[in-house]
Amino acid sequence: MKTRMIVAIAGVILVGLSGFESRAQNPNLRDFMRAKLKHSQKVLEGLVLDDMDAVVQAAQEMKLLSLETNWQVLQTEKYVAFSRQFRADTDGLADAAKKNNLTSATTAFNRVTTRCVECHKYVRDVRMAKN
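Residues numbered from 1 in each chain as written. Predicted model: local features only at pLDDT ≥ 70, side-chain atom pairs only at ≥ 80, totals over all residues. Heavy atoms only, no water.

(A) Focus on the overall build of the chain. Secondary structure summary: the chain contains five helices and zero strands in total. Of the regular secondary structure in the chain, the N- to C-terminal order runs α-α-α-α-α. Buried residues in the chain amount to 43% of all 131 residues. Sequence separation of at least 24 residues holds for 69% of the intrachain contacts in the chain that already meet a minimum separation of 6. Approximately 7,500 Å² of the chain is accessible, and the part contributed by carbon and sulfur atoms is 53%. (Helix = DSSP H or I, 4+ residues; strand = E, 2+ residues; numbered from the N terminus. Buried < 20%, exposed > 50% of the residue type's maximum accessible area, 1.4 Å probe, protein only. Contact = heavy atoms within 4.5 Å. Areas by Shrake-Rupley, 256 points an atom, 1.4 Å probe, with all protein chains shown as cover.)

Structure below.
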């Protein structure tokens, strides 16, 4: 059951990023989002294989990406809030993995994934409103 949920989450990530990526004008931004996708795939792999060290590492890498300049695609209060919450969610994911708690880590990854999808939708909506 957990494996199905994790596979479903991975699908949502891929769909969300592909939609965002196709609209991204900047090739650097595309590459940047691809890096985030690779780290999220590492989290999924770590959860499936019960490799909590890999989950911690990938969660920390995702958080670090969120601090880089390329991450700042919008300058709105809502986007800043999304970014802040994403960092808190990745911290929660890393903490659960450090405690070797697969259930909590999986739940935390669900939160990270949901945050990504919600933020990508927000960015698409703001950009479409400008066009």
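Don't stop here, the text continues.
(B) Structural context of helix α4 (residues 77-98). For α4, built from 22 residues, the straight-helix expectation of 32 Å at 1.5 Å per residue is met to within 8% by its first-to-last C-alpha distance of 32 Å. Within α4, burial applies to Tyr79, Phe82, Ser83, Phe86, Arg87, Asp89, Thr90, Leu93, Ala94, Ala96 and Ala97. Positioned one or two residues after α4, Asn100 has a phi angle of 60°, which is positive. (Expected span 1.5 Å × (residues − 1).)

(C) The arrangement of the nonpolar core in detail. Counting residues in each nonpolar core, the largest one holds 31 residues, and the members touching the most others are Val43, Leu47, Val55, Tyr79, Leu93 and Tyr122. Broken down by element, the residue count for this core peaks at nine residues, all from helix α5 (residues 102-130). Among residues more than four places away in sequence, those in contact with Tyr122 are Leu74, Thr76, Lys78, Tyr79 and Phe82. (Core = buried A, V, L, I, M, F, W, Y, C linked by side-chain atoms within 4.5 Å.)

(D) Structural context of the packing of aromatic side chains. As enumerated under the stated definition, the model contains three aromatic pairs in all. An angle of 35° between the planes, with centres 5.0 Å apart, marks the rings of Trp71 and Phe86 as tilted. One end of the pair, Trp71, is in the loop between α3 (52-65) and α4; the other, Phe86, is in helix α4, and 15 residues separate them in sequence. Taking relative accessible area as the criterion, Phe86 reaches 2% and is therefore assigned buried. Through a chain of ring-to-ring contacts, the aromatic side chains of Phe32, Trp71 and Phe86 assemble into a single cluster. (Phe/Tyr/Trp six-rings, centres within 6.5 Å; stacked < 30°, edge-to-face > 60°.)

(E) Up close: the pattern of salt bridges. Tallying each qualifying case throughout the model produces four salt bridges. Across the pair Arg115 and Glu118 runs a salt bridge whose closest N-O atoms are separated by 3.8 Å. Here the residue Arg115 and the residue Glu118 both occupy positions in helix α5, the gap between them amounting to three residues, near one helical turn. Its relative accessible area of 18% is what places Arg115 among the buried residues. Residue classification places Glu118 among the partly exposed residues on the basis of a relative accessible area of 37%. (Salt bridge = Lys/Arg side-chain N within 4 Å of Asp/Glu carboxyl O.)

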